[in-house]
Each structure stands twice: as C-alpha cells, then as structure tokens.
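These are the residues of each chain, in order.
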Amino acid sequence: MACFANRKMKEVKTKIVLILATLLTGICAMAQSGTISGTVTDGTTGETLIGATVVIKGTTQGAATDFDGNFSIKAVKAGTYIVDVSYISYTTKTIEKVVVIANQTTNLKVSLVSDDKALEAVEIVATRKTGTEMSVITELKKADQIAVGVSAAQIAKTQDRDASAVIRRVPGVSIIDGRFVLIRGLNERYNTVMLNDVITPSLEVDKKAFSFDLIPSSLIDRMLVYKSGGADLPGEFAGGVIKIYTKNIPDENFVSLTLQGGYRQGTTFDKGIVKEGPSSRKFGYDKTSSLPGGFPDQVNFSNTAEATKQIDNNWRYKQANLNPDLRLNLSVGRKFNLGKVSANNLTSISYSNTWENYVQTRNRYGQFDEATQKSSRVFEYQDDYTRNNVGVGIISNFNFILSPKTRIDFRNFFNQNGRSENTYRVADNIAEGSQGRNYAFRFEQRSIYSGQLGGVHNVSDRDELNWNLGYSLTDRSEPDYKRIRTQAIEGSGYQIVVPGGANPFDAGMYYSKLKESSVVANGYWEHKLGELVDGDRSQQKFKVGFYVEQKQRDFQARWMSYTRASPSTFNDSLLGVPVDHVFDESNFGPTGFKLVEGSGPTDKYKIDNTLIAGYASYSLPITSKLNAVAGVRVENNVMQLRTTDVSLNKINKSYPVTAPIPSLNVTYNLNEKQLLRVAYSYSVNRPEFRELAPFSYYDFNNDVTVRGDTNLKTAFIHNVDARWELYPSAGELITFGVFYKKFNNPIERNIEPGTGTNFIYGISNAKSAQNYGVELEVRKSLQQLFDSKALQRFTLLFNASLIKSQIQLDKVLAEQNGLVSNRALQGQSPYLVNAGIYYNDTDHNFQINLLYNVFGKRIYAVGNQDNADQYEMARNVIDLNFTKQVARNFEVRGGISDILNQQYRIIQDSNRDGKLNGTDENILKYSFGRYVSLGLTYKFN
C-alpha cells in the first residue's frame, strides 16, 4: 500500500509539473505576441464592409469585421506573416510582409475591389442583424440625431417582461403607472411612440400615451429613443421620439417554448377580492357583461322596468387565495424560399395571467393650520385593492428578399388585454362625521391591431426608396364597472347609500366604449451625391419624404344608479341587505329599487384628425470630420371635435395647426472613436383627443373627476442639445450631454380652482416654461476599466440625468388662483438614474445581473389657492436576475424584482414652501411587494 501511495504521489507531482510548464509556456507565448487589427472598406465607395473575413495565411487564426468594418486578431506570435482578406463578390486581397511586434498592435487599412465576374455568378441575399448590442450601438453612432437605445440582446439579460420595463434601462427614461414613459423627466404627453415606423394610437381615455405594457419584451428587436429632432422624425415631441421595432427575421429555423411563474409578496397565496365574471376574462375579454343589444338608448320612467331586467345585476364577490403569476410564450421561426424569393417568418404567441394585491392608504386634507403645522382632514380611506391582468399577444412578421436590392416586410401585431380591479374600502369620512364600507368592481379590456406593409428598394448605388403602409384598430371598453357606498347607521350596521337620482358615486354602473382607427402612408427617397471628402466615407445625401395619417375616434359612456322606485312605499329593510345580494331581481318593483340613467349628450364625443407632413433634409460633409444635416418638416394637422357641452350646446369645432419644423444636427468626429454632436430642432405638442372633450369621468380609486377643455392650445418647443460620445471598443460607449428646452403654452394637469376638496383634475396651458439638464451614459467592460482580467466577465451600465425646470405663469391668473409660480413643470423629474452590473460567464453559460432605477419627485397635479401641489415621490428599485443554460436547448431564468420594496407615495406640499419634509402629508401610499420569478425555455431545432 505504501509503494502504491508513493507511486500515485509521484504521478500527481508529474502532472502538476506538466500543467505548470504548459501554463508557463502559454504565458511566455502571450508575452511574445501582438495584435493585428484594422478596417476593411469598399475600394470604390469607401463604405465599410460588414462580415469580411481576415485570415493569417498558414494558420487557423483570423477574424470577421464588425458593423464598423473593424477586425482584431489577438495573441499573434511575433513574426512576419501573409494576411488574406476576402468578401463575397469582391476580389480577395493578399497582404504580404505583415510584421507583428511583441506587445504592439499592427494596423491595416484594407480596400477591396468589386469582382464583376463574381457578381454575375453569385446573388447576395442577406440581411443585417439589428438586435445585437453592437448593432444598436453602431446604429446610434451613425444616426444623424442624438439618440439612445437598447437591444434584444441586452433585454435578454434582464427579466423585463414588457416594453414598459425594458425602456427603464434607456438613459434619461423612466416609467410611471407601470406603462407610461417619461423621457428626460418630462410628462408622457411630450413623447411620440412609433411601432415599426408608424405612430401608435393611445388606448387611454384620459392620457396622451401609448401603453407600453402591451408589448412583451420577447417580441422586441430593439428600442431607440431620439432626443433631438430631424426632418424624418415626427414633429410632435419634446422628451423624445421612441421607436419600437419588433423582431422580424430568425437566425435559424426554430420552435421555442417558455413557461414562467411568479410570486409576489403580499399577493400570491394571500386573500384577494375576486368578483364573479364570465370565463372569457381568462383570455382578456368580456362580451357578456356589457349592455345588451336591445337595451334602451336612454333609460327613463317608461322603460325603467324593462331596462332593469336586461342589465347584469351580478354584484357577487368573494375573498379568495390568489394564484401565482403565469406567463407562456411560443415562438416559431422559419426561413424558406418561394421560388427565387428568400422568405422569413417569425411568429410568437404569448399569454400572461398576473395578480397584484395592495393595501392602500388614501387621505384628503382641507386648509393648512400654521399654528399646528397640520392640515384639517377630510377623509381617510383604507383600500384592499386586487388587480388581475390577463394578456394575449400575437406577432407574425414576414420578410421577403426579392433581390439583393429589394426587400418587402409585412408586420402584424395584435394584443388583447383584460384588467379586473376590485376595491374594498374602509372609509372614515372625518369632515362628515361618518364611516362607511365602499366597493368598486371594474373590468377594462383593451385590444389593438397594428399592421404594416413596407419595402426597401436600393434603386442604384446612390438611390434608396423606402415606403410603408399602415393600418391600426383599437378598441377599449369598460363593460362592467360597478360602484356602491355604504354608511354606518347606529344600531343598524351598514346600509346602502341610495341616491335620489343618478350620480357617479352611489349604487351605480358605468359603461364606456372607445373605438379608434387610423390609416397611414409614409415614405422617403434618399439620394447620395458628390465625391468623398478627404477619403472619408461620408457622402452628401439628399432626402425627401412624406407622412400622411387619417385617424378617427368614437367614444361613448353611459352611467346609471339604482334609486327608490317609490319613496313612500320603499322597503327600508332592503338597505341592510349585503352588497352581493341587495340588487337581486326580487328586490325590484314598487317597494324596491328602480334604475335611473344620468348620462346624456355630454358623455360622448367624436374626433377626426388628419395629419399631412412633408420634409426634406440635406447631409453635407463640410470636411472629413465635420458633417451637418439640415432639414425642414412641415406638418398640417386638422382636428375636428363633435360633442355637447354641459349647457347642452352642440360643439363642432376645428383645430387647424400648420407648423414649419426646422432642424439642424451637426457631428464632428474627433477621431475614429470620439465625436461631438450639436443639435437644434423646433417641435409641437398638440392637445390629445380626450383633453379637448368636456366629458367628465369619475375615478373611484382616486375619488376624483377628470375632464377636458375645448380651449386648449397647441404647445411649441425650442430644443437645443449637445453631446460628446466615446466608443472605446465594440459594444461599449461613454456619452455626456447637455440640453435646453423652451416651451410656449405647455399643457399641464391641474386641480381645478373652486372645487374645494371634491377634486376635479383638469388640463390647462401655462404661459411658458424652460427646461435644461445634463446626461451621462456609460456602457463599459470592467476589465478594461480597471485593467484587471479578474473582471473580464463584468460589464457596467450606468446612466443618469440631472434636470432643472421652471414654469412661467400669467401673473394676473396666478394671483387670482393663489398659484405657486416658482415651481417645476408638471410631471418633470429633477433627476433619473439607471445602473446595472452584468456578469457573463460564457464558459458555463451563466449570467447574473444587478439592476437599479430611480427617478426624482415630480409634480403629479398642480394645486390652487385651496389645494396644495401634489408630488409623486422618488422610489428606489433594485432587481437581481440570472440566466443559466443547463443543456444545449434548455435554459433557466429567474430573478427577484423590487428587492427594496419601497412604498409608492403621493404627498402634498401642505405648507407650500416648495420643500417636502415631515410637515407635508401623504395623499396615497402602498407597497408593490417583492417579486420572485422563475422561467424555463426549451428550444426545438
């Protein structure tokens, strides 16, 4: 045994020596090696060639050029070599006597000449990948405007479930209400969103915004945010133009299936309020709860009995344990040929069923007492709030490459989303001296279809034609919104509050339907002219284009209440019947309830909108390093409103606005990796459809009424930007920028004067405002940042914005309404920060990421002489995610979101000093709950 042990020990020592010798040899070889790098271009046009092959002859060492035409071959032993550079349809170039010196880089600049014979024999059919981190950074670098973005590859590193979560990673961007985007801290109304280059519709009744939560993150190819204007971008923006591109072309034929579950603290397996409803709600829609087809156009004394029988009187609810979240996704990618046409299809079907359950505290206050440093209290509500979101999404995109110069795209996007919201409220009505138990049961469904047919035609080496036709249809409805209040009666428990006539608060039901359709046509022609400047690849370019959109919206709401059929014969004992049975069929009739309608002509509106835009731009390379792009866009927008005001006067009002929108973007290349940008643009911000309609909507959850103003004006904005950009290596960037904006007639949400503590949120124009700030973005490998191989798997992502805004009000109106004039623009955050550390172990197919996001407090609603300004407070969010490939086709993803679980809060500036501290009082507060998710993906090849 001893001899055996000694022999084994000698073998181990021998192995250790061999390993050490191998490592020492490798280290010595590394110490005696250098690098061959360079750029490959087209010898005629100077354009970089993507995917060219560079090989050291007689070895296995080589590389392919990236999206900038750059290549790098590392760890090449010192010596003299022959290098071959090849590319399809180009003559291979051989470079002799390439000398490599230890610890140095040998740079090569290679120009390839087109091989006409090869062109006759070979037809190139290829498309550029657009969803990688490097491709997005390259696209941003080459853009004329100041822009930021996020790629599908970066999205895949997170557990972001939809576009609203993805866009939080973009510099200067934050999200509110889980679906509305703010850029540079500006209100969501100041952004324009484009889906595959077509302006998206708004699915919200009371907001000018696209609901980002409708687009699953798995369907996004890339998301770009343009912060400076250009002639080819929509003229309606101040924060930015957001372009979302859905995936179009698969890398290979595949079928993948993803299953994900989620657990939310305070929700999953806990009790929540669940209202009975049709089984179709499990797929995001409800066609049975809405008013039936034969329901009277107006409920009145003569048909109230008939109407009562037709309406859905199901008020039953229960306390039930809430299930874990469920998300499913099935994606199919296919590459095929139709004769000589190369075709691609990507189809994805997703389903989600998620729950949220919060305990919310809501307060409202009266006048502030300087002596006690407290405000009188109007009410305090404790809400048990349960929300169920169900979504079904389908994307099916086709790509047809007819020839090397012609591509046709056909994109289809459909989403069906249903949201159930149930609230049980313990109400302490302090000012009234009463207590109550209130209930609200709401279901909202949203549908959207967006389709685009477009083409790209490289007519010649100098001419490109791009066109797009689009159609979208949106449908949003509230088919079942029930609200009821009860009041504590001494000795009788809680009794139903039955109004004398219909009102939006008591024993009522609300129904609404919004339909909007739009038809879009746009296109441009770009022509390259002139010669190269000092050998630089930039060329003079002339671009002309158009954008035409015809949009129609039809909105109608109806609301009703139950009241006593006859005050003299009414059975008062019915008021004590439990809420889920009080309106059973047996409780109607002469001694029971009847239905009364309160809605009328003011509760509906129609709007047509026609936008016609034409533009032209000219790109001029002034020197080899300095390039300027000047352009002008002219937009003619005509909005036609048809409705009825509160005095029953018919309104048929036109809002024509023709706006010349100039822009200038100047870029100076300091060197191959650094550039400076300066930009100016003029832009507009038009009132949204809902903001012009005088229709009033009661929001039960916030206990406020929301209405529009037919006298709103269009806002106009001057935008100035400057930015320095550094691209250290592929996939990395560092930027620093400053910006300034001047607003005329900015549009803000405000608490209307004269409403006391019965809040009405209105909309109005301020006189002017200004906004300026600085931005920093870093996307960098920690290995190069700290010159440490131990950190080679870590990447840092950090971006921050610091913003200052100042509103200017009409002095007379400000004094009359007691308004604070030295405040920020409504909805403007003073700072935003996004940060992330990414660890990527490619050897073991493992990734783990730590992400951080915060935005500074911002004015939620502007106050008046009776009511203080309301602020949405800062909230720090930290997420931890991981991805592990456990087999060739099998992947596990998981994470913890909102680790800190800080409260969401809205606070009023009670003492009106512009500073929020312990004296100021909470209006709303609640916690979302930490969220844990785990998902499995299997890919069938």
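These figures come from a predicted structure and were not determined experimentally.

### Things to note about a nonpolar patch on the surface
Side chains of Leu257, Leu330, Ile349, Ile394, Phe414, Tyr938 and Phe940 sit close together on the surface and give an oily, nonpolar patch of about 570 Å² of accessible area. By secondary structure assignment, the location of tyrosine 938 is in strand β49 (residues 931–940).

### Topic: empty space enclosed by the protein
Tallied over the entire structure, the rule returns twelve cavities of 30 Å³ or more. Taken as a whole, the second largest cavity encloses approximately 140 Å³ of empty space. Lining the second largest cavity are 16 residues, and of these Arg362, Arg364, Asn702, Tyr761 and Ile923 sit closest to its centre. Broken down by element, the lining of the second largest cavity gets its largest block of residues, three residues, from strand β19 (residues 341–369).

### Thoughts on the pattern of salt bridges
Summed over the entire model, instances satisfying the criterion amount to 46 salt bridges. The residue glutamate 421 makes a salt bridge to arginine 442 at a minimum N-O spacing of 2.7 Å. Taken together, the residues span a long stretch of sequence, with glutamate 421 in strand β21 (residues 406–429) and arginine 442 in strand β22 (residues 434–457) at a distance of 21 residues. Residue aspartate 475 is joined to lysine 513 by a salt bridge in which the shortest nitrogen-to-oxygen separation is 3.5 Å. Pair noted here: aspartate 475 is in strand β23 (residues 463–484) and lysine 513 is in strand β26 (residues 508–529), with a separation of 38 residues, a long-range link. For aspartate 475, a relative accessible area of 17% corresponds to the buried category.

### Here's the deal with the pairing of strand β46 (residues 890–897)
Relative to β46, strand β45 (residues 877–887) is paired through seven bridges, and the arrangement is antiparallel. Along β46, the bridge assignment pairs lysine 884 with valine 892. Counting the residues between successive antiparallel strands, the hairpin from β45 to β46 contains two residues. Note that β46 and β49 share eight bridges and pair antiparallel. What sits directly across from glycine 895, in β49, is serine 933.

### Some points on the packing of aromatic side chains
Using the criterion set out here, one finds 33 aromatic pairs in the structure. An angle of 55° between the planes, with centres 5.3 Å apart, marks the rings of tyrosine 562 and phenylalanine 588 as tilted. Of this pair, tyrosine 562 sits in strand β27 (residues 540–564) while phenylalanine 588 sits in the loop between β27 and β28 (593–597), and the two are 26 residues apart along the sequence. You can call tyrosine 562 buried: its relative accessible area is 0%. Through a chain of ring-to-ring contacts, the aromatic side chains of Trp315, Tyr562, Phe570, Phe583, Phe588 and Phe593 assemble into a single cluster. The positively charged end of arginine 222 is found above the aromatic ring belonging to tyrosine 245, 4.0 Å away from the centroid.

### A few points about the confidence of the model for the protein
Looking at the protein as a whole, the pLDDT averages 85, with 87% of positions reaching at least 70. Every residue in residues 1–5 is under pLDDT 50, and counting partners more than four places away or in other chains gives zero contacts. In the model, residues 116–127 has pLDDT below 50 throughout and makes 15 contacts with residues more than four positions away in sequence or in other chains.

### Brief notes about the sheet that holds strand β34 (residues 704–707)
A sheet is described by the order of its strands in space; here four strands give the open sequence β33-β34-β38-β37, paired in mixed fashion. Each of the sheet's edge strands pairs with one partner strand only, and the pair in question is β33 (696–699) and β37 (747–751). The mean inter-strand angle of the sheet, taken between neighbouring strand axes irrespective of direction, is 30°. Pairing geometry for β37 and strand β38 (residues 760–765), over five bridges, is antiparallel. From the neighbouring strand, asparagine 750 faces β38, where its bridge partner is glycine 762.

### Examining the side chain of aspartate 506
Mapping aspartate 506 onto the fold places it in the loop between β25 (493–496) and β26. Residue classification places aspartate 506 among the buried positions, given a relative accessible area of 5%. Here arginine 485 takes part through its side chain, which lies 2.5 Å from a polar atom of the side chain of aspartate 506. Ignoring sequence-local partners within four residues, the contact set of aspartate 506 consists of Arg483, Arg485, Val497, Pro499 and Ser561.

### Examining the side chain of asparagine 587
Inspection of the secondary structure puts asparagine 587 in the loop between β27 and β28. Accessibility expressed as a relative area gives 12% for asparagine 587, which makes it buried. A polar contact of 3.3 Å, which involves the side chain of asparagine 587, links it to the backbone oxygen of histidine 581. Setting aside residues no more than four positions away along its own chain, asparagine 587 makes contact with Leu574, His581, Val582, Gly592 and Phe593.

### Focus on unusual backbone geometry
A positive phi angle is found at asparagine 103, which is not glycine, with a value near 65°. Relative to the helices and strands, asparagine 103 is located in the loop between β6 (93–100) and β7 (105–112). Backbone geometry places aspartate 197, a non-glycine residue, at a positive phi of 75°. Residue class for aspartate 197 comes out partly exposed when judged on its relative accessible area of 28%.

### With respect to the sheet that holds strand β2 (residues 53–56)
The sheet built from four strands is open, its strands ordered β3-β2-β5-β6 with antiparallel pairing. At either end of the open sheet lies a strand with only one pairing partner, and these are β3 (62–64) and β6. Neighbour to neighbour, the strand axes of the sheet diverge by 20° on average, direction disregarded. Bridge count for β2 against strand β5 (residues 79–86) is four bridges, and the pairing is antiparallel. For valine 54, the partnering residue across the bridge sits in β5 and is valine 85.

Conventions and cut-offs
- Residues numbered from 1 in each chain as written.
- Predicted model: local features only at pLDDT ≥ 70, side-chain atom pairs only at ≥ 80, totals over all residues.
- Heavy atoms only, no water.
- Patch = residues over 30% accessible without salt bridge, like charges linked within 9 Å, V, L, I, M, F, W, Y side chains within 5 Å.
- Areas by Shrake-Rupley, 256 points an atom, 1.4 Å probe, with all protein chains shown as cover.
- Salt bridge = Lys/Arg side-chain N within 4 Å of Asp/Glu carboxyl O.
- Helix = DSSP H or I, 4+ residues; strand = E, 2+ residues; numbered from the N terminus.
- 1 Å grid on protein atoms, 1.4 Å probe; cavity = no way out; pocket = protein on both sides within 12 Å on 5 of 7 lines; lining within 4 Å.
- Points joined across faces, edges and corners; volume = space filled by probe spheres on them.
- Buried < 20%, exposed > 50% of the residue type's maximum accessible area, 1.4 Å probe, protein only.
- Pairing = 2+ DSSP bridges.
- Phe/Tyr/Trp six-rings, centres within 6.5 Å; stacked < 30°, edge-to-face > 60°.
- Lys NZ or Arg CZ within 6 Å of the ring centre and 35° of its normal.
- pLDDT = per-residue confidence, 0-100.
- Contact = heavy atoms within 4.5 Å.
- Axes fitted to C-alpha atoms, helices over the stretch in contact; angles between N-to-C directions.
- Polar contact = N/O pair within 3.5 Å; in protein donor to acceptor, adjacent residues only side chain to side chain.

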